[in-house]
Amino acid sequence: FPYLCKGIPHNERSLKENTIGESRIQVRLRASVKRINQPCDGRMQAKLSSRVVHAGDPFSLEISSSRRALLGIFVWQADDRVIRVYPRDEQQHLEVRPGETLHLPRQGEQPFTSAPRPDVKSDYEVFILVANPVSLDYRRLAPQLGQKGDETMARAVLASKFLDGL
């Protein structure tokens, strides 16, 4: 999404919905856009250890960047809620340096796993990486994930609140 270097949409809302045939609808969306006043010329890559993650299987994340960046890492869950993975409450920030690869979870941390919500056979989650050259208070965007899935689900904030906070 190269346009995200210029601004972040927020306060999205659908204005009109039309039915087009039996299997399609047309929706008109309107949103405000918050302009980003910093250059977006750094290159960042994030890669999961597996293309498909099965429920309960551990996986990891590798992040590299051409510029120094302080990161906030969040998970956008299928129920349209967001939780913070990093920085952890006890960490001031999570940093990736040019030419280095950051491996997460770090040694000694609980492995990443994924699980569908209760009563759902298949689910999805999306990692969101927020990178900034200066320290931000990522804690204000979303609370830290819990020790177990039900605790995490109870803590998570609505995605719209998270996006408006960006």
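Residues numbered from 1 in each chain as written. Predicted model: local features only at pLDDT ≥ 70, side-chain atom pairs only at ≥ 80, totals over all residues. Heavy atoms only, no water.

L71, I73 and L104 are the most contacted members of the largest nonpolar core, which totals 16 residues. Contributing elements (two or more residues each) for this core: β4 (61-65), β5 (69-77), β6 (81-86), β7 (94-96) and β8 (101-104). Of all the elements, β5 adds the most residues to this core, at 4 residues. In this structure, L71 is in contact with M44, I63, Y86, P87, L94, V96, L102, V130, A131 and Y138, ignoring residues within four places of it in sequence. F74, V130, L141 and A142 belong to the second largest nonpolar core, which has 11 residues in total. (Core = buried A, V, L, I, M, F, W, Y, C linked by side-chain atoms within 4.5 Å. Buried < 20%, exposed > 50% of the residue type's maximum accessible area, 1.4 Å probe, protein only. Helix = DSSP H or I, 4+ residues; strand = E, 2+ residues; numbered from the N terminus. Contact = heavy atoms within 4.5 Å.)

Take the layout of surface pockets next. In this structure, the second largest pocket occupies an estimated 1000 Å³ of space. Lining the second largest pocket are 39 residues, and of these F112, T113, S114, A115 and E125 lie nearest its centre. When residues of the lining of the second largest pocket are traced back to their parent elements, those giving at least two are β5, β6, β9 (125-132) and α1 (149-155). The element that contributes the greatest number of residues to the lining of the second largest pocket is α1, accounting for 3 residues. Here the lining of the second largest pocket is composed, by residue class, of 18 nonpolar, 12 polar and 9 charged. (1 Å grid on protein atoms, 1.4 Å probe; cavity = no way out; pocket = protein on both sides within 12 Å on 5 of 7 lines; lining within 4 Å. Points joined across faces, edges and corners; volume = space filled by probe spheres on them. Nonpolar A, V, L, I, M, F, W, Y, C, P; charged D, E, K, R; others polar.)

Moving on: the side chain of Q144. Summarising the element assignment, Q144 is placed in the loop between β9 and α1. Its relative accessible area of 14% is what places Q144 among the buried residues. Not counting chain neighbours up to four residues away, the residues in contact with Q144 comprise I83, R84, R88, D89, E90 and R155.

How two aromatic rings sit relative to each other is set out by the distance from centre to centre and by the angle between their planes. Here the structure, examined in full by the defined rule, presents 6 aromatic pairs. On the numbers, 6.3 Å between centres and 75° between planes, the contact of Y86 with F112 is edge-to-face. You can see Y86 sitting in strand β6 and its partner F112 sitting in the loop between β8 and β9, a full 26 residues away along the chain. Each member of the pair, Y86 as well as F112, is classed as buried. (Phe/Tyr/Trp six-rings, centres within 6.5 Å; stacked < 30°, edge-to-face > 60°.)

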